[in-house]
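Chain by chain, the residues:
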Amino acid sequence: MASSNPFESILKTLEKPDGGVFGKFYCLPALNDPRIDKLPYSIRILLESAIRNCDEFQVKSKDVEKIIDWENSSPKQVEIPFKPARVLLQDFTGVPAVVDLACMRDAMNRLGGDSNKINPLVPVDLVIDHSVQVDVARSENAVQTNMEFEFQRNNERFGFLKWGSNAFHNMLVVPPGSGIVHQVNLEYLGRVVFNTGGMLYPDSVVGTDSHTTMIDGLGVAGWGVGGIEAEAAMLGQPMSMVLPGVVGFKLSGKLRNGVTATDLVLTVTQMLRKHGVVGKFVEFYGEGMSELSLADRATIANMSPEYGATMGFFPVDHVTLQYLKLTGRSDDTIVMIESYLRANRMFVDYSEPQIERVYSSYLELNLEDVEPCVSGPKRPHDRVPLKEMKADWHACLDNKVGFKGFAVPKESQCKVAEFVFQGAPAQLRHGDVVIAAITSCTNTSNPSVMLGAALVAKKACELGLEVKPWIKTSLAPGSGVVTKYLLKSGLQKYLNQLGFYIVGYGCTTCIGNSGDLDEAVASAISENDVVAAAVLSGNRNFEGRVHPLTRANYLASPPLVVAYALAGTVDIDFDTEPIGLGKDGKKIFFRDIWPSTEEVADVVQSSVLPDMFRATYEAITKGNPMWNQLSVPSSTLYTWDLKSTYIHEPPYFKKMTMSPPGAHGVKNAYCLLNFGDSITTDHISPAGSIHKDSPAAKYLMERGVDRRDFNSYGSRRGNDEVMARGTFANIRLVNKLLKGEVGPKTIHIPSGEKLSVYDAAMKYKNEGHETIILAGAEYGSGSSRDWAAKGPMLLGVKAVIAKSFERIHRSNLVGMGIIPLCFKAGEDAETIGLTGHERYSIDLPSTVSEIRPGQDITVVTDNGKSFLCTMRFDTEVELAYFDHGGILQYVIRNLINAKH
């Protein structure tokens, strides 16, 4: 078990410049190891965390050595434990996390422990940035109206989270309407350096959204994880991760006049996609860094998921410190941050000679080579230079259906769809813009592009240009600060004049919450098969995501969104064709409305002020009237509403006692599902809409929920009854037991009945039978999802036997008490001759102390087959979880035992 930290000898005192002390810190230079100076800055953060948390149980000295020897160990794909400094949640993922904490309190109380001990052990920031559905746009009342709709839809979930904000310590809940989680994290929540009880250490964060990486622009190591990893981290448990390779990305030069941060990030995304950075960190460096504002860096860091990296990291330098000052952090805090990072060799000072760091591979970009561009029409990394846009559009119309093709016959490409809009005749052609949205954390946190868009609007209005009334325009800032500087600059009125009214503070069009198009527009598109376009300042534009009726979706900077809205089409060459006609009938070109870099910089300098950030965030936890009117109980134990279809007490701890269940094998289990290769978490986990004929739909209808109020699986993540019924409910599921039939069904082996997976699982349970799953390679690949492990556990699955597992999904199965087993190399269900109709027994030693990580065990079937598998409990910590029946049970018993 745990012992004292073997690195106490390098615990040093950090003194203040004017006398006194900040506190103590684990001093990396005191190790006197020359390898550390060559480490990428991002790896130094992992190293400090491992040293500070080393207890020779969860984190061992050999893990520290692996990280110090990163240059040699990272190519070997070694695993290390990591304990982040804090956890970032949104409401979709926050609800099941708070449900689990509430259940743990109930269990603690029932077992005679102090239930108030159940609190996050690391700070948890929960931002209710529930995506805003753009029900109302082009209206001065849009914000209030859309917010009222949100509270009607989500009243119960919001109330539950408000209870959690009062009931748990170490948890900050930011109410709805405050902004997008990642912008709030950047402007307010990011600490850069923690000082907790006199111990200083770097801020690091895991969040339950892939764009958590935005905080990397602030020099805070952060990335997205699944719900179980986030819950484990907030309960003080280590995350297992592969020590990543680090791509060094050198920047030189400066952006040309009129080129935006969005143009840069789309260029970087394309380069990194081509290079191949999946599972790696990307670290930016070089003299070009001094030319990039913090907001520009955050824009690049934000799109890490789109270029495939775990992180896009910008080490802390003077630009970071200036941003901290701008956003209202105190002078004392900034001095502490700089002093600590300099003392621990984590600060980059470009005025000093640079020690050459080692990277796994290298890329370089001269910022002067970046040109205005968009990306699309269906993928974020399909960059199109603006000067080539018209030709590229026509090629897309011609090309066969694919990422760059719509296969529109030549004779139909000039087709005009006539319709009537609000009593006036109107027309739509292929490529006409019907949605123009300034949206998404990627860009709305960047004052240069937001004020750049407002300057485009000003010039356009002064010249007499207008946006066609049927184009759905919207502006969704990521925080209230944006509104303050737009008003201060005097430019918001021009955006309003063009229809870009503020619709709310949160994710909108980028996540598919575009709302409905006007019926006349929708009919014209559908009836005439028009390839309509959306232009948005988002980060994702996959087909069907933005809106079902916009088959072409282009990512662009906010000023370009305004320009395309004015042009009304993507079928335009901005260099040679006019955007429209001005007041006097004069042709107006793109160059007439595009602001210079100097113009933008001047308005940013005069309009974006520290007081705006202070005022916005001093009031942020006070909420808004609708939040404040939510009535919630004051008790620290939650009173479960048995009628609720959103929040339900899961059965994880119902039969829990103080004695761990110990090692438990599997006896005469039936095969619930028999899979081939590449079963993803999308196949396993409940996601998307609830199908009208599904077990989840039946459950909701039995409780009086009308079909139109089903909402999504995501919104009902706090109800285990819905989520268990939605597990393996994917309509594209291929189960070998069905002999070629595709869909969310399986065969109940004893009776031969074909049933939904949920109904078959419950039948087995009621009959007293255990179940297992057979699978091929890469089981559980794709996005990490907690319900991909919670769901099978609730269905009664005791083990999964696969050729290989996706790393995080395997650890999630362990966390839920399911045994992950791997066939030996060269073997699988088919080579062994397994059909899935057998019964399976897995005999384990009676105590966990007799099991070694990675031990081989024998699986026996009732028809005489016997084969070896590797049991994928990879660490002693994971064996401890298994001994207790799961990670949450382990934490509860440890907390109760700690008082004795």
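Please refer to the structure placed before this passage.
What you see as residue numbers is a count from 1 along each chain, following the sequence as written. Predicted model: local features are reported for residues with pLDDT of at least 70 only, side-chain atom pairs are reported and counted for 80 or more only, and whole-chain, interface and lining totals are derived from all residues. Where side-chain values are given, they derive from all heavy atoms of the structure, hydrogens and water being excluded.

Caption draft 1: Fine view of the overall build of the chain. On a plain count of helices and strands, the chain comes out with 32 helices and 34 strands. Across its three principal directions, the C-alpha atoms of the chain cover 90 × 75 × 55 Å. Classification of the 900 residues of the chain by burial places 61% in the buried group. Contact criterion: two residues are considered in contact whenever any of their non-hydrogen atoms come within 4.5 Å of each other. Restricting the contact set of the chain to residue pairs at least 6 apart, pairs at least 24 apart contribute 75%. All accessible areas in this document rest on Shrake-Rupley with a 1.4 Å probe, and a residue is counted as covered only by the protein chains that are shown. Roughly 33600 Å² of accessible area belongs to the chain as shown, and the carbon and sulfur atoms make up 49% of that amount. Counting rule for charge: Lys and Arg are taken as positive, Asp and Glu as negative, and neither His nor the chain ends is counted. By convention, the charge on Lys lies at NZ, on Arg at CZ, on Asp at CG and on Glu at CD. On the chain, the mean spot of the 91 positive side-chain charges and the mean spot of the 103 negative ones are 2 Å from each other. We count a stretch as a helix when DSSP gives it H or I for four or more residues in a row; a strand needs E for two or more, and each element gets its number in order from the N terminus. Relative accessibility decides the category of a residue: with a 1.4 Å probe and only protein chains considered, values under 20% of the type maximum give buried, values over 50% give exposed, and everything between is partly exposed.

Caption draft 2: Main features of unusual backbone geometry. Residues glycine 376 and proline 377 are joined by a peptide bond in cis, for which omega reads 10°. Here proline 377 shows up in the loop between strand 16 (373–375) and strand 17 (383–385). Here glutamate 56, not a glycine, exhibits a phi torsion of approximately 60°, which is positive. The residue asparagine 668 is not glycine, and still its phi comes out positive at about 50°. Judged by relative accessible area, which is 33%, asparagine 668 ranks as partly exposed.

Caption draft 3: Inspection of helix 13 (residues 389–398) at higher detail. Among all positions in helix 13, only Met389, Asp392, Trp393, Cys396 and Leu397 are buried. For helix 13, the buried positions fall inside an angular range of 145° around the axis, keeping them on one side. Against the buried residues of helix 13 lie strand 16, strand 17, strand 23 (552–555) and helix 19 (558–567). Summarising the geometry, the arc corresponds to the directions from the helix axis toward the C-beta atoms.

Caption draft 4: Just the pairing of strand 21 (residues 472–475), in detail. The alternating pattern of strand 21 places Lys472 and Ser474 and Thr473 and Leu475 on opposite faces, both of which are buried. Strands are treated as partners if at least two bridges between them are detected by DSSP. One ladder, built from four bridges, connects strand 20 (residues 433–438) with strand 21; its direction is parallel. The residue bridging alanine 436 from the neighbouring strand is threonine 473, located in strand 21.

Caption draft 5: The sheet that holds strand 13 (residues 281–285), seen in detail. The strand order across the open sheet built from four strands is 14-13-12-15, with neighbouring strands paired in parallel fashion. The sheet terminates laterally at strand 14 (311–313) and strand 15 (361–366), the two strands that pair on one side only. Taking each pair of neighbouring strands and ignoring which way they run, the sheet shows an average axis angle of 20°. Seen against the sheet, helix 1 (residues 41–52) touches strand 12 (246–252), strand 13 and strand 14 and runs at an angle of roughly 125° to strand 13. Where helix 8 (residues 261–275) meets the sheet, it contacts strand 12, strand 13 and strand 15, and its direction lies at approximately 150° from that of strand 15. Axis definition: a line fit to C-alpha positions, over the contact stretch in the case of helices; interaxial angles, taken between N-to-C directions, run 0 to 180 degrees.

Caption draft 6: Focus on the sheet that holds strand 4 (residues 86–90). Reading across the sheet, the five strands line up as 6-5-4-9-10 and stay open at both edges, with parallel pairing between neighbours. Two strands close off the open sheet at either side, each with one partner strand: strand 6 (171–174) and strand 10 (221–224). Each strand axis lies, on average, 15° off the axis of its neighbour in the sheet, ignoring direction. For strand 4 and strand 5 (residues 124–127), the ladder comprises four bridges, and the chain directions are parallel. Paired with glutamine 90 across the strands is valine 127, a residue of strand 5. Across the sheet, helix 7 (residues 227–234) is in contact with strand 4, strand 5 and strand 9 (204–207); its angle to strand 4 comes to roughly 140°.

Caption draft 7: Fine view of the state of the cysteines. Here, the term disulfide refers to a pair of cysteine sulfur atoms separated by no more than 2.5 Å. Tallying each qualifying case throughout the model produces zero disulfides. Cysteine 869 carries a free sulfur, and the closest cysteine sulfur to it, the one in cysteine 822, is 7.9 Å from it.

Caption draft 8: Molecular detail of the environment of valine 814. Mapping valine 814 onto the fold places it in helix 29 (residues 807–815). Distance in space between the C-alpha atoms of valine 814 and arginine 872 is 8.6 Å, their sequence separation being 58 residues. Not counting the four nearest positions on each side in its chain, valine 814 is found in contact with Pro820, Arg872, Phe873, Glu878, Tyr881 and Gly886.

Caption draft 9: Layout of the pattern of salt bridges. Just to be clear on terms, a salt bridge is a Lys or Arg side-chain nitrogen sitting within 4 Å of an Asp or Glu carboxyl oxygen. Tallying each qualifying case throughout the model produces 41 salt bridges. Linking arginine 708 and aspartate 706 is a salt bridge whose minimum nitrogen-to-oxygen distance equals 3.3 Å. We classify aspartate 706 as partly exposed; its relative accessible area is 37%. Linking aspartate 874 and arginine 810 is a salt bridge whose minimum nitrogen-to-oxygen distance equals 3.4 Å. Separated by 64 residues along the polypeptide, aspartate 874 in the loop between strand 34 (866–871) and helix 31 (876–884) and arginine 810 in helix 29 bring together distant segments of the chain. For arginine 810, a relative accessible area of 2% puts it in the buried group. It is possible to trace a salt-bridge network through shared partners that takes in Asp33, Arg35, Glu65 and Asp69.

Caption draft 10: Quick peek at the packing of helix 15 (residues 447–463) against helix 21 (residues 597–607). Running from N to C, helix 15 and helix 21 point in directions that differ by 115°, and their axes come no closer than 9 Å. As the angle between them shows, helix 15 and helix 21 are arranged roughly perpendicular. Relative to helix 21, the crossing made by helix 15 is right-handed. Across the interface between the two elements, Pro447, Ser448, Leu451, Gly452, Leu455 and Lys459 of helix 15 pack against Glu599, Val600, Val603, Val604 and Ser607 of helix 21. Each residue receives one of three labels: charged for Asp, Glu, Lys and Arg, nonpolar for Ala, Val, Leu, Ile, Met, Phe, Trp, Tyr, Cys and Pro, and polar for the others, Gly being one of them. When the residues that make up the contact of helix 15 with helix 21 are grouped by side-chain class, the tally is six nonpolar, three polar and two charged. Convention used here: angles under 35 degrees read as roughly parallel, angles over 145 as roughly antiparallel, angles from 65 to 115 as roughly perpendicular, and any remaining angle as oblique. By definition, any crossing whose near helix is turned counterclockwise from its far helix by less than a right angle is left-handed, and any crossing with a clockwise turn is right-handed.

Caption draft 11: Geometry of helix 18 (residues 519–528). Turning to helix 18, its buried residues are Val521, Ala522, Ala524 and Ile525. Along the axis of helix 18, the buried positions cluster into a sector of 160°, meaning they face one direction only. Residues of helix 18 that are exposed and point over 90 degrees away from its buried face: Glu519 and Glu527. Residues adjacent in sequence count toward polar contacts only when both atoms are side-chain atoms; beyond that, a polar contact is any pair of N or O atoms within 3.5 Å, and within protein one must be able to donate a hydrogen and the other to accept it. The N-cap of helix 18, judged by a side-chain oxygen 2.9 Å from the amide nitrogen of alanine 520 a few residues on, is aspartate 518. Note on helix 18: the residue one or two positions beyond its end, aspartate 529, has a positive phi of about 50°.

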